[in-house]
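Coordinates in review
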Amino acid sequence: MTIQFNDETFRDDYSFHNSDRALKRFPFPFHEDSYMYSVNMEQHQGGPSDSIYEKRFDVDEHYVSEMRDRAIVLADDPLRCQSLPHMTLAGWDLLELIMVSKSEDYPDLFELHRDGDQWRWVNKPMGIDDSFTFLDEATLPYGPMEYITRQTQGDFAVLDQRDDNLWMDAGMITTQADWSLDFDIGMNFFEWHAPVPLAHEKGIFVRALKFLLNIQQGAPARRLNWTLTVNPLLDTSPENYHKWGIQKTSMTPETVGAKQHLRVELQTFFRLPRSNALVFPIRCYLCSFQDLTKTPKWARRLHRVIRDLPDELATYKGFIDNRPMMLDYLSQFDDGLPTSLGIWPDLDTEPPLQKG
Amino acid sequence: MSKFAFPPSMTSRPVYGRLEPRAGSAHLMIADAEGAEAILDVATPDMMAKAHIIYIPKGTDFGDRLRALSPAQYYEGPSYAAAEQRIAKAFDDAKMGLQVYLSGTEGVIGQAQHAAMQAGVPHTAIQTEHRGSTARRMQCVHCKGITEDVETDPFQCSHCGLHLFVRDHYSRRLAAFQGVNIDAEDPGNVPEAKGIYE
């Protein structure tokens, strides 16, 4: 279907909004009425029609505005995009992966014409038509990773693989859940995850690393992760935390439904062919509590998950202070009925809310 | 007593060992303040005949005892920054078989370790031992300013003035711990500063 791109902002007046279509395909991350860390990996080989899983790199109504927001962040702080010298080849791998995927998956929006190493890339939504020589950096306005990720939604961590570990040696990180590429670049898998509570003790990272080291070409994987953000703010960076942190205190019982957003990351993992690097796109989807509660199953479940989450996780995810206000809001929808298993909305089978 | 037992912490936080004498074609020893004690503990006449000691006293008086070890080369300087070019040249000139010994505060160990890794010295040829102050080299995540020898938490950034929580999260590339604004969500509510391990 043709996508109508929103003209919206993720800062200042926060005109970001989700259409009914976007709400229906929102990646609700809780498959049951409670949450704990797990290595919830599955193959990334498509999914239900019009779901966010269907394409290799999902393009949605927020695309053009998200790319505008990324350009603002980069102008203000170019260190959000960095690539250590040995990662340039991985950048070309990534450029190829995205251009091939998008031109095949969205032929009405993107075109890739290849004649040997002479390539022409057409990005219609962004009005880009560039010809360049593949593997020749001088023919692009940016390095290959920066060039293509300025045109692709989601953050991108490009991981070098050596010594049985993964190393965060390049990235485009402008919509991060409070971690700094500039600080973490060059770290291995355990080091950059060091601040995450509980998961180390549960052996999560050891198992996740084993899985990721063995991802093969053509067999990408995916998982969902989540946090909460006040206002539809993409740039929740530590660099700017002293500016946006105060927004967490700006909610009232009247505004919590509109301002409190569930922030879901679709994390995917692709092996890159020439460099043997692993690219880790982290795609962010935002949805307000008031929009989520329009789906009865999600309204019931969101209340139960937020209510029962261990304090350490609520603290790490940065919403422990606001949790009572959220629960006051969400409890008005939860009628106590059981919910079906799985993340899908099940609109045809789940009963309407009996309260709220 | 200059030895401090660091409590267990997150996986990005460096851990330190005890220097031990190793066979090597040359020995580069970089230390500050009480780090001198670790060199004095490990030094042997054989090692010293092939040793280059770079030492930053920081107001301590170990210099004479280090010189008395009769290392092949000895340098004493006022700061790591002052010694940095000499350290860079020592790594540039290094041959296979060099053993590196780093001791003293975390700031000097971290910076010298970074220089060694950049120069391609294998990590198996680098030993570290913490001695003396537990003060930290810290990067403010907001203004990116680095402050040496941070002793308290919270700490007011010496560059941008924000009050920072001094995290255990550590970057080997920057040789620094991370400082993050502590009162962003409640401006002015800054806990009283305490010593980092008090």
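Residues numbered from 1 in each chain as written. Chains lettered and ligands numbered in written order. Predicted model: local features only at pLDDT ≥ 70, side-chain atom pairs only at ≥ 80, totals over all residues.

**Some words on the nonpolar core**
- Ranked by size, the top nonpolar core spans 40 residues in total, and within it Leu94(A), Val158(A), Leu159(A) and Val279(A) carry the most contacts.
- Broken down by element, the residue count for this core peaks at 7 residues, all from helix H3 (residues 88-105) of chain A.
- Ignoring sequence-local partners within four residues, the contact set of Leu159(A) consists of Leu166(A), Trp167(A), Met168(A), Asp169(A), Ala277(A), Leu278(A) and Phe280(A).
- By size, the runner-up hydrophobic cluster in this structure holds 29 residues, among which are Leu28(B), Tyr55(B), Ile56(B) and Ala112(B). (Core = buried A, V, L, I, M, F, W, Y, C linked by C-beta atoms within 7 Å. Buried ≥ 20, exposed ≤ 12 C-beta atoms within 10 Å, placed from the backbone. Helix = DSSP H or I, 4+ residues; strand = E, 2+ residues; numbered from the N terminus. Contact = placed C-beta atoms within 7 Å.)

**Thoughts on the pairing of strand S3 (residues 110-115) of chain A**
Residue and element names in this part refer to chain A.
- The pairing of S3 with strand S4 (residues 118-123) spans 6 bridges and is classified as antiparallel. Each bridged residue has a counterpart across the sheet, and for Arg114 the counterpart in S4 is Trp119.
- Joining the antiparallel neighbours S3 and S4 is a turn of 2 residues, in which Gly116 adopts a positive phi near 60°. (Pairing = 2+ DSSP bridges.)

**Things to note about the domain arrangement of chain B**
Residue and element names in this part refer to chain B.
- According to the domain assignment, chain B consists of domain 1 (26-130) and domain 2 (136-195).
- Here the C-alpha centroids of domain 1 and domain 2 sit 28 Å apart.
- Across the contact, 5 residues belong to domain 1 and 7 residues belong to domain 2.
- For the side of domain 1 that touches domain 2, the class distribution of residues is no nonpolar, 4 polar and 1 charged. (Domains from an automatic or database assignment. Nonpolar A, V, L, I, M, F, W, Y, C, P; charged D, E, K, R; others polar.)

**Concerning the sheet that holds strand S3 (residues 73-76) of chain B**
Residues and elements named next belong to chain B.
- The parallel open sheet is built from 5 strands, whose spatial order is S3-S2-S1-S4-S5. Single-partner strands in this sheet number two, and they are S3 and strand S5 (126-130). Each neighbouring strand pair of the sheet contributes to a mean axis angle of 10°, computed without reference to strand direction.
- Contacts from helix H4 (residues 80-92) reach strand S1 (26-32), strand S2 (51-56) and S3, with the element oriented near 165° to S2. (Axes fitted to C-alpha atoms, helices over the stretch in contact; angles between N-to-C directions.)

**Brief notes about the environment of Asn225(A)**
Residue and element names in this part refer to chain A.
- As for its position among the elements, Asn225 is in strand S8 (residues 221-230).
- For Asn225 and Pro125, which are 100 residues apart along the polypeptide, the C-alpha to C-alpha distance reads 28 Å.
- Excluding residues that lie within four positions of it along the chain, Asn225 makes contacts with Glu265 and Gln267.

**Looking at the sheet that holds S4(A)**
All names here are of chain A.
- Here 3 strands make up an open sheet; going across it, the order is S3-S4-S5 and the pairing antiparallel. The open sheet has two edge strands, S3 and strand S5 (128-133), and neither has a second partner. In this sheet, neighbouring strand axes are inclined to one another by 10° on average, regardless of whether the strands run parallel or antiparallel.
- Contacts from H3 reach S3 and S4, with the element oriented near 120° to S3.

**Points about the interface of chain A and chain B**
- Of the residues lining the interface, 19 residues belong to chain A; the matching set on chain B comes to 18 residues.
- Within the residue set of the side of chain A that touches chain B, elements represented by two or more residues are helix H5 (181-184), helix H6 (189-192) and helix H8 (241-244) of chain A.

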